[in-house]
Amino acid sequence: MIAYSDLRPIHNQIRAELDEAYRRVMDSGWFITGNELAQFEKEFAAYCGTKYCIGVGNGLDALHIILRAYGIGAGDDVLVPANTFIATALAVSYAGATPVFVDCDKDTYNMDPALVEDKITVHTKAIIAVHLYGRVADIRALREIADRYGLKLIEDAAQAHGAQLNEKRTGSLGDAAGFSFYPGKNLGALGDGGAITTSDEELAERIYTLRNYGSREKYHHELQGFNSRLDELQAAFLRVKLKYLDEWTKERRRIADYYLRTLDAEKMKLPYTEVKQSNVWHIFPVMVKDKKTVQDYLSRHDIQTLNHYPIPVHLQGAYKESGYTAGTFPTAERYAKEEISLPLWVGMSQEELEEIVKCLNDAIAKSH
Ligand SMILES: *Cc1c(COP(=O)(O)O)cnc(C)c1O
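In this report, the structure presented in the accompanying data block is examined. (Residues numbered from 1 in each chain as written. Predicted model: local features only at pLDDT ≥ 70, side-chain atom pairs only at ≥ 80, totals over all residues. Heavy atoms only, no water.)

**Comments concerning the environment of Ala235**
Our working rule: Helix and strand assignments come from DSSP, with helices taken as H or I runs of at least 4 residues and strands as E runs of at least 2, each series counted from the N terminus. Here the term buried applies to any residue with accessible area under 20% of the maximum for its type, exposed to any over 50%, and partly exposed to those in between, with areas from a 1.4 Å probe on protein chains only.
Within the element layout of this structure, Ala235 appears in helix α8 (residues 232–242). Residue classification places Ala235 among the buried positions, given a relative accessible area of 0%. For the pair Ala235 and Ala336, spaced 101 residues apart in sequence, the C-alpha to C-alpha distance is 35 Å.

**Points about the site of the ligand**
This is how the line gets drawn: We call a residue near a given molecule or strand whenever any one of its heavy atoms falls within 4 Å of it. Any pair of nitrogen or oxygen atoms within 3.5 Å is treated as a polar contact; in protein, a donor-acceptor pairing is required on top of that, and neighbouring residues in sequence qualify only through side-chain atoms on both sides. In short, Shrake-Rupley with a 1.4 Å probe defines the accessible areas, and a residue's cover is counted only from the protein chains shown. For this scheme, ten residues count as nonpolar: Ala, Val, Leu, Ile, Met, Phe, Trp, Tyr, Cys and Pro. Four count as charged, namely Asp, Glu, Lys and Arg, and the remainder, Gly too, count as polar.
Taken together, the neighbourhood of the ligand is formed by 13 residues, with Gly59, Asp156, Gln159, Ser180 and Lys185 sitting nearest. At 2.8 Å, a side-chain N or O of Asp156 approaches a nitrogen atom of the ligand. Coverage of the ligand by the protein chains reaches 91% of its 380 Å² of free accessible surface. Of all the secondary structure elements, the ones that give two or more residues to the shell around the ligand are α4 (59–69) and α5 (87–94). Each residue belonging to the shell around the ligand can be placed in one class, and the counts come to 5 nonpolar, 6 polar and 2 charged.

**Things to note about unusual backbone geometry**
The peptide bond linking His308 to Tyr309 adopts the cis configuration, its omega dihedral lying at 5°. For Tyr309, the location among the structural elements is in the loop between α10 (291–300) and α11 (330–338). Despite not being glycine, Thr33 shows a phi value in the positive range, around 45°. Along the chain, the position of Thr33 falls in the loop between α2 (15–28) and α3 (35–48). In this structure Thr33 comes out as partly exposed when scored by relative accessible area, which is 33%. Of note in this structure, Trp281 is not a glycine but carries a positive phi near 50°. Here Trp281 shows up in the loop between α9 (245–262) and β12 (284–287).

**Quick look at the environment of Met268**
For the record, the criterion: Whether two residues are in contact is decided by their heavy atoms, any of which lying within 4.5 Å being enough.
One can find Met268 in the loop between α9 and β12. Filtering out sequence-adjacent residues up to four positions away, Met268 remains in contact with Leu263, Val286, Met287, Val288, Leu360, Asn361 and Ile364.

Rendered as structure tokens:
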């Protein structure tokens, strides 16, 4: 079986260092908000090119806490893409604000800036730009709109650690950014984890306070905060893995490049490619007309694939109260029906890649 993802090869590659990180934390006897977290925060901020990094419990909390720190809540609207993982919208709902969905561009699959202004009202406070599948969102256009209307531009960088716009990395492209270190993300912990990056000192102060029970000084609680901290073990593991991230990104790009060169672009929609640096290929999506037939064929040939995401957020049961109906966001809805995510992980063999390409090209030829 060719798995959609397998983390064992990269972990085996650095096993001794991970074991050493575990021992370091165990020997320190300190497990929450200690030296490993402080060091990781420094290292990840430097990597992203921001003044601050604040480790939190997961990616959802990262986005939620950013909104809280900005004071965004009841009565406010936040623009989010209709085609994203549900966490982007849930973060807005948890803050008490309303997620207002925007359809995606048909080629980049990211929020279409041309559709944004129509959604802005006096209630709009922020835009969350998701770098979907690992590709940097159209930040230039979104920044221009955000500035014109006085909105915060927040990055959901959960799928795009290290992706670049010109020389700047994700995390430093908006006013603040949320990252996830869920194990399967490009930079993944050995459990849940997340972080916020920003260069805004005041915002960072509020976030440090919010993530730790609203407290900067033990048992003094200025705010009704949360318990959302990146623990010492995960921070220690992430410090090891961060050193290899760029090398692993290179390998992801090599695999994506192979797919792009060998898959039949006449019969399926391959990802649009532009500047190499702007995509870290968290996911390699192909759009096909007959998804089920193609996916079943691959499955019969022992190739595991996934769908990101089969139901757009506005049509999920969780948002049925909002009253969105099918047809509201045609591009997002169409791709929800057509998208297949191909296996892509560091450690895949050339034989596996060839097998996937051959099977997918065969499946598409048969389904036409
Ligand atoms: C994974 C993900 C999140 C949530 O991260 P968790 O760590 O699982 O909470 C948010 N947004 C996007 C786009 C994601 O892919």
